[in-house]
Amino acid sequence: IKTLPGVTSTSDLNVRPFVRGGNEDETRVFWNYIPLIQPYHVLSAYSIFNMETTNNLRFYAGGFPVEGNGSLSGAIFMESKPAPLDSLEAVVDVSLLRGNVYMGAPIIKDKFGVYFSYQAFIYDWALKRIADGAVLLFGDEKAKNDVEQYKKYVELPNFKDLEFGFNYQFSNNTHIEYTALYANDIYV
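Here's what I pulled together on the structure shown here. (Residues numbered from 1 in each chain as written. Predicted model: local features only at pLDDT ≥ 70, side-chain atom pairs only at ≥ 80, totals over all residues. Heavy atoms only, no water.)

Let's talk about the side chain of Glu26
Reasoning step 1: Looking at the element boundaries, Glu26 is found in the loop between strand S2 (18-19) and strand S3 (27-31).
Reasoning step 2: Buried and without a salt bridge, Glu26 has Arg20 as its closest oppositely charged side chain, separated by 11 Å.
Reasoning step 3: Within polar-contact distance, the side chain of Glu26 engages the backbone nitrogen of Asn23 at 3.1 Å.
Reasoning step 4: Sequence-distant contacts of Glu26, defined by excluding residues within four places in its chain, comprise Ser71, Leu72, Ser73 and Gly74. (Helix = DSSP H or I, 4+ residues; strand = E, 2+ residues; numbered from the N terminus. Buried < 20%, exposed > 50% of the residue type's maximum accessible area, 1.4 Å probe, protein only. Lys, Arg positive; Asp, Glu negative; His and termini not counted. Salt bridge = Lys/Arg side-chain N within 4 Å of Asp/Glu carboxyl O. Polar contact = N/O pair within 3.5 Å; in protein donor to acceptor, adjacent residues only side chain to side chain. Contact = heavy atoms within 4.5 Å.)

Observations regarding unusual backbone geometry
Residues other than glycine predominantly adopt negative phi, and peptide bonds predominantly adopt the trans conformation.
Reasoning step 1: Positioned with a positive phi, Tyr33 is a non-glycine residue whose angle comes to about 70°.
Reasoning step 2: Structurally, Tyr33 can be placed in the loop between S3 and strand S4 (34-36).
Reasoning step 3: On the accessibility criterion, Tyr33 (40% relative accessible area) is partly exposed.
Reasoning step 4: Despite not being glycine, Asp110 shows a phi value in the positive range, around 60°.
Reasoning step 5: Following the sequence through the fold, Asp110 ends up in the loop between strand S8 (98-108) and strand S9 (112-121).

Notes on the sheet that holds S8
By definition, the strands of a sheet pair up through backbone hydrogen bonds, in either a parallel or an antiparallel sense.
Reasoning step 1: Reading across from one edge, S7-S8-S9-S10-S11 is the order of the five strands in this open sheet, with antiparallel pairing throughout. With one partner strand each, in any of the chains shown, strand S7 (89-94) and strand S11 (175-186) form the two edges of the open sheet. Each strand axis lies, on average, 10° off the axis of its neighbour in the sheet, ignoring direction.
Reasoning step 2: Direction of pairing for S9 relative to strand S10 (residues 158-169): antiparallel, over a ladder of nine bridges. Within the sheet, the bridge partner assigned to Gln119 lies in S10 and is Asp161. (Pairing = 2+ DSSP bridges. Axes fitted to C-alpha atoms, helices over the stretch in contact; angles between N-to-C directions.)

Things to note about the packing of aromatic side chains
Reasoning step 1: Within the structure shown, the criterion is met by 14 aromatic pairs.
Reasoning step 2: Ring centres of Phe30 and Phe77 lie 4.7 Å apart, and the angle between their planes is 10°; this geometry places the pair in the stacked category. Here Phe30 is found in strand S3, whereas its partner Phe77 is found in strand S6 (residues 74-80), with 47 residues between them in sequence. Per residue, the accessibility class of Phe30 equals that of Phe77, and both read buried.
Reasoning step 3: These aromatic residues form a ring-pair network of at least three members: Phe112, Phe164, Phe166, Tyr168, Phe170 and Tyr178.
Reasoning step 4: In this structure, Lys81 is placed above the aromatic ring of Tyr102, and the distance from its NZ or CZ to the ring centre is 4.6 Å. (Phe/Tyr/Trp six-rings, centres within 6.5 Å; stacked < 30°, edge-to-face > 60°. Lys NZ or Arg CZ within 6 Å of the ring centre and 35° of its normal.)

What follows is the structure, given as structure tokens:
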């Protein structure tokens, strides 16, 4: 969204859009037409949404639909992707900084499906494994003790987002979808 005309952010590390000179709280975010108060993690480096679970995203820099009440500068409407009813879907995306996983499966073919999504920083885990590897390759007893102390007392800030949902098809024209989203910032 930051690449669209009239949209900017405070830095490259911030995903919160500032639209046409408005403040950060003047752009509202709606998930399945439900307004969210804080859809970003602390410092706004990441949003709480796993993009694998997003079916549709619409951005308005003005001329908001009636559902966008309270939006002053911009409105972002996101809709969740329904759980698959016909085949298994799985996506895993891992880097040294962050990881996410999405899995959706039909429970009753063409009738009932569920999905699960999870994302979090993994840099803390990766740093600890790199330190373990360095001790194995080059370390002595003091280095091993230092790494154990680091692992025991240092927990870097993290976030964990969990999303799950189901899709039940009553007929060709009627279905029900449910989505639950849990987002958590972690400071130890």
